[in-house]
Amino acid sequence: MDESMFRFLARQAGFAETGFSSAADFKAQQRLVKSQPPLAERRQLRFFPQQDDPRTKSLAVLLWPYEEEAMPGWGCVFVDSYYAASNAAYHATRKLEEQILAAGGFARANAPYPAREAALRAGMGLLGKSGLLITPQFGTRVVLILMATDIKPERADCEASSERSCLECGRCAAACPSGALDRRGMSHPERCMRNFMMEGVVVPESLRARMGMRLLGCDICQRVCPMQPPRPQQRSEDIALDRFVTSDAQLFSKSVEELARRVGRNVARPQRVRAQAALLAGNRADRKDLPVLLEWAQSPFAAVREHALYAVRRLEEAGAFVP
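The notes below deal with the structure included here. Bear in mind the structure is a predicted one, so any value in this text is a computation, not a measurement.

## A word on the environment of Q222
So, point 1. Of note, Q222 is situated in helix 8 (residues 220-223).
So, point 2. Residue Q222 is classed as buried on the basis of its relative accessible area of 8%.
So, point 3. Taking C-alpha positions, Q222 is 8.7 Å from G139, a pair spaced 83 residues apart along the chain.
So, point 4. When neighbours within four sequence positions are excluded, Q222 is seen to be in contact with Y66, D80, L132, T140, R141 and Q228.
So, point 5. For Q222, the side chain forms a polar contact with the side chain of Y66, separated by 3.5 Å.
So, point 6. Among the polar contacts listed, one links the side chain of Q222 to the side chain of T140, at a separation of 2.7 Å.

## Regarding the packing of helix 1 (residues 3-13) against helix 4 (residues 81-102)
So, point 1. The contact between helix 1 and helix 4 brings their axes to 10 Å, and the two run at 140°. Taken as axis vectors, helix 1 and helix 4 run oblique relative to one another. Relative to helix 4, helix 1 is oriented so that their crossing is right-handed. In contact with F6, L9, A10 and A13 of helix 1, helix 4 contributes A92, L96, Q99 and I100.
So, point 2. Tallied by class, the residues present in the contact of helix 1 with helix 4 amount to seven nonpolar, one polar and no charged.

## Details of the nonpolar core
So, point 1. Counting 43 residues, the largest nonpolar core has V79, L215, F244, L259, V273, L293 and W296 as the members making the most contacts within it.
So, point 2. Residue assignment for this core shows that the elements contributing at least two residues are strand 3 (76-79), strand 8 (214-216), helix 9 (249-263), helix 10 (270-284), helix 11 (290-296) and helix 12 (302-317).
So, point 3. Apart from the residues lying within four places of it in its own chain, the contact partners of L259 are V79, M198, L215, I239, F244, G264, A268 and V273.
So, point 4. F47, A119, L120 and V142 belong to the second largest nonpolar core, which has 21 residues in total.

## Some words on the sheet that holds strand 7 (residues 142-149)
So, point 1. Read from one edge to the other, the open sheet built from four strands follows the order 1-2-7-4, with strand pairing classed as antiparallel. Two strands lie at the open edges of the sheet, namely strand 1 (17-22) and strand 4 (107-108), each paired on one side alone.
So, point 2. The pairing of strand 2 (residues 58-65) with strand 7 spans eight bridges and is antiparallel. In the strand pairing of strand 7, V61 is matched with L146.
So, point 3. Packed onto the sheet, helix 1 meets strand 1, strand 2 and strand 7 and runs at close to 135° relative to strand 1.

## Focus on the side chain of S130
So, point 1. By secondary structure assignment, the location of S130 is in the loop between strand 5 (126-127) and strand 6 (133-134).
So, point 2. A distance of 3.4 Å separates a polar atom in the side chain of S130 from the backbone nitrogen of L132.

## A closer look at the sheet that holds strand 8
So, point 1. Pairing is mixed in the open sheet, where three strands are placed in the order 8-3-9. Lying at the two open borders of the sheet, with one neighbouring strand each, are strand 8 and strand 9 (239-240).
So, point 2. With two bridges joining them, strand 3 and strand 9 adopt antiparallel strand pairing. Looking at strand 9, one finds that C76 is bridged to A240.

## A look at the packing of aromatic side chains
To describe a pair of aromatic rings, one takes the distance between the centres and the angle between the planes.
So, point 1. For the coordinates displayed, the defined rule picks out six aromatic pairs.
So, point 2. Ring plane angle 75° and centroid distance 5.7 Å describe the contact between Y66 and Y82, whose orientation is recorded as edge-to-face. Of this pair, Y66 sits in the loop between strand 2 and strand 3 while Y82 sits in helix 4; the two residues are 16 residues apart in sequence, bridging distant segments of the chain.
So, point 3. The class of Y66 is buried, set by a relative accessible area of 6%.
So, point 4. For Y82, a relative accessible area of 27% corresponds to the partly exposed category.

## A look at a nonpolar patch on the surface
So, point 1. Taken together, M1, M5 and F8 make up a surface patch of nonpolar side chains, about 290 Å² in accessible area.
So, point 2. Relative to the assigned elements, M5 resides in helix 1.

## Some points on the pattern of salt bridges
So, point 1. Using the criterion set out here, one finds 22 salt bridges in the structure.
So, point 2. The closest approach of N and O atoms between E205 and R313, which form a salt bridge, is 2.9 Å. In this pair, E205 sits in helix 7 (residues 205-208) while R313 sits in helix 12, placing the two residues 108 residues apart along the sequence.
So, point 3. Residue E205 is classed as partly exposed on the basis of its relative accessible area of 49%.
So, point 4. The shortest N-O distance in the salt bridge between E258 and R243 comes to 3.1 Å. Taken together, the residues E258 in helix 9 and R243 in the loop between strand 9 and helix 9 connect sequence positions 15 residues apart.
So, point 5. Judged by its relative accessible area of 32%, E258 is partly exposed.
So, point 6. Relative accessible area serves as the criterion here: at 25%, R243 is assigned to the partly exposed category.
So, point 7. Salt bridges here are not isolated pairs; linked through shared partners, they connect E68, R141, D219 and R223.

Definitions and cut-offs
- Residues numbered from 1 in each chain as written.
- Predicted model: local features only at pLDDT ≥ 70, side-chain atom pairs only at ≥ 80, totals over all residues.
- Heavy atoms only, no water.
- Helix = DSSP H or I, 4+ residues; strand = E, 2+ residues; numbered from the N terminus.
- Buried < 20%, exposed > 50% of the residue type's maximum accessible area, 1.4 Å probe, protein only.
- Contact = heavy atoms within 4.5 Å.
- Polar contact = N/O pair within 3.5 Å; in protein donor to acceptor, adjacent residues only side chain to side chain.
- Axes fitted to C-alpha atoms, helices over the stretch in contact; angles between N-to-C directions.
- Parallel < 35°, antiparallel > 145°, perpendicular 65-115°, else oblique.
- Left-handed = near helix turned anticlockwise from the far one by under 90°.
- Nonpolar A, V, L, I, M, F, W, Y, C, P; charged D, E, K, R; others polar.
- Core = buried A, V, L, I, M, F, W, Y, C linked by side-chain atoms within 4.5 Å.
- Pairing = 2+ DSSP bridges.
- Phe/Tyr/Trp six-rings, centres within 6.5 Å; stacked < 30°, edge-to-face > 60°.
- Patch = residues over 30% accessible without salt bridge, like charges linked within 9 Å, V, L, I, M, F, W, Y side chains within 5 Å.
- Areas by Shrake-Rupley, 256 points an atom, 1.4 Å probe, with all protein chains shown as cover.
- Salt bridge = Lys/Arg side-chain N within 4 Å of Asp/Glu carboxyl O.

Given below as structure tokens:
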């Protein structure tokens, strides 16, 4: 199979663009990751494609665009549309892999290598100070998927250039609520709020109130970026926080199942959803949540318990706590 046939099949699968990078080692990225605090999203990263499988001659970089999610109504949680797109792209890649294997080619879907760097090698965009890839057509609102293939790239990797960068206007750094960004770029990835959302970990005190009503995803840096091409907002069905902060086990399970269909089961795990919901209940400080929060404060799961205790303290501070 050659590049043109692969691109044709990828477009049929729903991907907007396809590029190819070499399967060269990602040594620089490995050094960078080792020098920074450990993050959950980087635990599965690998850096030596051809060592993992000698058949790998290239990494196909697949772009799945999505629209900006409109902010939800009062009492509802924010779920970034990236996650529904990522879930759809994941399954589309699996089907594409099956097609290529059936045709006698080699493919390994959702290859765990540094996707942004592979996209830069493939000449598919520029590096923003937000740490995100900026593509000409879709801005930063793309899901990046890598697939290891045995297709020999038709051209060499693009060279990194300091001129091929963003406007460096500083808007993303100024808007970042957690101080993860500065003029140098993503200098403190460990501060990014997304790294703590529904990861099953206790969120640092300094980030909890800043999450507002965000159940999953932040995207503030993307909303302020002037290199974002104009695109219509996506309006998904609002999800009331009350659907998660509830003592009704059946309602909670149904709500988690609906969320899982939207963003993927690997993301929407019951205790992780409950932990984030407890935190958001603290941010809205509504006394009607108190009975549920007091129950969750006895949970054996650390993130649920600690976030519920945080919420109870916020209710006390708001004068809504009645023993």
